[in-house]
Amino acid sequence: MHLLLDPLHYAFMQNAFIGTVAIGILCAVIGSFVVLLRLAFIGEGLAHGSLAGLAIGYLLNWDLYLAANFYTVGLALLIGFVHAKAKVTLDTAIGIIFSTSMALGIALISSMKFYTTDLTGYLFGSVLAITPFDLRIILGASVLILLIIILFFKEFVFYAFDPEMAEVAGLSRGILHYSMLIMIAITVVIASQTVGIILVTALLIIPAASAQQWTHSLKTLLLFAIIFGLTSAVIGLYISYYFNVASGASIALTAAVVFLVSLIFSRERQPLRRSFGLKETIKKL
């Protein structure tokens, strides 16, 4: 008889499924803006940089999830500050901050006598380890971020397509920029519970990139990204459970297969930024 019939394992699987669905939707939406803003590197940087937050949380006996969230949000704000004040490109600022933070994390972890399964789970993904407390954080953060995106959708689209024009039009480029960095940071941390900090960029980038193969309409891109993100996350979850492989690897590989299928069978590969002008984009919203 399969373990799914056991009440304890059923509860774990239920938490994992709900958390995976929420993360799949959130990563697809935020990932679409990350792709539009060409910020794929920041997802990778924040994911690896959060290693120090996990190590600090473990050493201080704090909740790893909360410690990583607060630390990574601070990391995102620091990246934005260095980019603005040091007069370096954003990818340079990301490289400086994330490599420094990751080095700190490695130094702290190497000082530990042993690693806990909790810390290892964040590195490689452990979806079945999602606790009711973790699930509340995932659902709360997902609802909050998606609500912000819905309420200020046109502003974020305007900023994504033309930050300079958005500022000229009276929008606060700084607020939009830092808000997006914070939302990316939170998304990266809560998604790390499912796919691990090593592979979190896959769930953040690949569904949106797959959606780009099928459409040059922004709304359709978001819809397809959500469908592909959910498909990758849920199928990857069950592959992980039934074949006893790391959840991060199974979800990332499933997302890669979806991208490959999209690449082979889609005829619509025109970049979204070039498909129509900014005014036409805003009118279509």
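Residues numbered from 1 in each chain as written. Predicted model: local features only at pLDDT ≥ 70, side-chain atom pairs only at ≥ 80, totals over all residues. Heavy atoms only, no water.

## A few points about the overall build of the chain
For step 1, the next point in the chain: Broken down by element type, the chain carries 13 helices and zero strands.
For step 2, the next point in the chain: The buried share of the chain, taken over its 285 residues, is 49%.
For step 3, the next point in the chain: Considering only contacts within the chain whose residues lie at least 6 apart along the sequence, 78% involve residues at least 24 apart.
For step 4, the next point in the chain: Total accessible area on the chain stands at roughly 13600 Å², and carbon and sulfur atoms take up 70% of it. (Helix = DSSP H or I, 4+ residues; strand = E, 2+ residues; numbered from the N terminus. Buried < 20%, exposed > 50% of the residue type's maximum accessible area, 1.4 Å probe, protein only. Contact = heavy atoms within 4.5 Å. Areas by Shrake-Rupley, 256 points an atom, 1.4 Å probe, with all protein chains shown as cover.)

## Considerations on the nonpolar core
For step 1, the next point in the chain: With 74 residues, the main nonpolar core has Ile 30, Phe 33, Leu 46, Ile 149 and Ile 184 as its most contacted residues.
For step 2, the next point in the chain: Broken down by element, the residue count for this core peaks at 17 residues, all from helix 9 (residues 173-212).
For step 3, the next point in the chain: Setting aside residues up to four positions removed in sequence, Ile 149 forms contacts with Val 29, Ile 30, Phe 33, Phe 156 and Met 183.
For step 4, the next point in the chain: One finds Ala 28, Leu 221, Phe 228 and Val 258 within the second-largest nonpolar core, a separate group that totals six residues. (Core = buried A, V, L, I, M, F, W, Y, C linked by side-chain atoms within 4.5 Å.)

## Some thoughts on the packing of aromatic side chains
Within a pair of aromatic rings, the relevant descriptors are the distance that separates the centres and the angle that separates the planes.
For step 1, the next point in the chain: Scanning the entire structure with this criterion turns up seven aromatic pairs.
For step 2, the next point in the chain: Ring plane angle 85° and centroid distance 5.8 Å describe the contact between Phe 41 and Phe 98, whose orientation is recorded as edge-to-face. Taken together, the positions of Phe 41 in helix 2 (residues 40-59) and Phe 98 in helix 4 (residues 90-110) put the pair 57 residues apart, joining distant regions of the chain.
For step 3, the next point in the chain: Its relative accessible area of 17% is what places Phe 98 among the buried residues.
For step 4, the next point in the chain: Taken together through their ring pairs, the aromatic side chains of Phe 17, Tyr 238, Tyr 241 and Tyr 242 make up a single cluster. (Phe/Tyr/Trp six-rings, centres within 6.5 Å; stacked < 30°, edge-to-face > 60°.)

## Some thoughts on the side chain of Ser 192
For step 1, the next point in the chain: Within the secondary structure layout, Ser 192 lies in helix 9.
For step 2, the next point in the chain: You can call Ser 192 buried: its relative accessible area is 3%.
For step 3, the next point in the chain: Of note is the side chain of Ser 192, whose polar atom sits 2.4 Å from the backbone oxygen of Val 189. (Polar contact = N/O pair within 3.5 Å; in protein donor to acceptor, adjacent residues only side chain to side chain.)

## Focus on the packing of helix 6 (residues 132-151) against helix 9
For step 1, the next point in the chain: Where helix 6 contacts helix 9, the two axes come as close as 10 Å, and the packing angle between them is 150°. With respect to helix 9, the element helix 6 is oriented roughly antiparallel. Along this stretch, helix 6 crosses helix 9, giving a crossing that reads as left-handed. Packed against helix 6, whose contacting residues are Asp 134, Ile 137, Ile 138, Ala 141, Ser 142, Ile 145, Ile 148 and Ile 149, the element helix 9 presents Met 183, Ile 186, Thr 187, Ile 190 and Gln 193 at the interface.
For step 2, the next point in the chain: Split by residue class, the contact of helix 6 with helix 9 holds nine nonpolar, three polar and one charged. (Axes fitted to C-alpha atoms, helices over the stretch in contact; angles between N-to-C directions. Parallel < 35°, antiparallel > 145°, perpendicular 65-115°, else oblique. Left-handed = near helix turned anticlockwise from the far one by under 90°. Nonpolar A, V, L, I, M, F, W, Y, C, P; charged D, E, K, R; others polar.)

## A short note on the layout of surface pockets
For step 1, the next point in the chain: Volume-wise, the largest pocket comes out at about 410 Å³.
For step 2, the next point in the chain: Put simply, the parts of the chain that give the lining of the largest pocket at least two residues each are helix 3 (64-85), helix 7 (153-161), helix 8 (163-168) and helix 9.
For step 3, the next point in the chain: Of the residues forming the lining of the largest pocket, the biggest block, four residues, is contributed by helix 9.
For step 4, the next point in the chain: By residue class, the composition of the lining of the largest pocket is nine nonpolar, four polar and five charged. (1 Å grid on protein atoms, 1.4 Å probe; cavity = no way out; pocket = protein on both sides within 12 Å on 5 of 7 lines; lining within 4 Å. Points joined across faces, edges and corners; volume = space filled by probe spheres on them.)

## Structural notes on the packing of helix 2 against helix 9
Any two packed helices are characterised by the angle at which their axes cross and by the distance between the axes.
For step 1, the next point in the chain: Close contact between helix 2 and helix 9 brings their axes to 8 Å; oriented N to C, the two are set at 85°. Taken together, the axes of helix 2 and helix 9 are roughly perpendicular relative to one another. Where helix 2 approaches helix 9, its residues Ala 40, Ile 42, Gly 43, Glu 44, Leu 46, Ala 47, His 48, Ser 50, Leu 51 and Leu 54 are matched on the opposing element by Leu 181, Ile 184, Ala 185, Val 188, Ile 197, Ile 198, Val 200, Thr 201, Leu 204 and Ile 205.
For step 2, the next point in the chain: Among the residues making up the contact of helix 2 with helix 9, the classes are represented as 15 nonpolar, four polar and one charged.

## What about the environment of Met 183?
For step 1, the next point in the chain: Along the chain, Met 183 turns up in helix 9.
For step 2, the next point in the chain: Overall, Met 183 belongs to the buried group, its relative accessible area being 4%.
For step 3, the next point in the chain: Separated by 153 residues in the primary sequence, Met 183 and Ile 30 have C-alpha atoms spaced 7.7 Å apart.
For step 4, the next point in the chain: Discounting residues that sit within four places of it in the chain, Met 183 has contacts with Ile 30, Ile 145, Ile 148, Ile 149 and Phe 156.

## Concerning the confidence of the model for the chain
For step 1, the next point in the chain: Taken residue by residue, the chain gives an average pLDDT of 83. The fraction at 70 or more is 86%.
For step 2, the next point in the chain: Per-element mean pLDDT across the chain ranges from 46 in helix 12 (residues 272-275) up to 93 in helix 6.
For step 3, the next point in the chain: For the stretch residues 1-5, pLDDT sits under 50, and the model shows eight contacts to residues farther than four places along the chain or on other chains.
For step 4, the next point in the chain: Predicted confidence for residues 273-277 stays below pLDDT 50, and this span has 11 contacts to residues more than four positions away or in other chains. (pLDDT = per-residue confidence, 0-100.)

## Side note on helix 11 (residues 247-265)
For step 1, the next point in the chain: In a regular helix each residue adds 1.5 Å, so 19 residues correspond to 27 Å; helix 11 covers 27 Å between its end C-alpha atoms and thus fits that length.
For step 2, the next point in the chain: Of all the positions in helix 11, only Ser 247, Gly 248, Ser 250, Ile 251, Ala 252, Thr 254, Ala 255, Val 258 and Ser 262 are classed as buried. (Expected span 1.5 Å × (residues − 1).)

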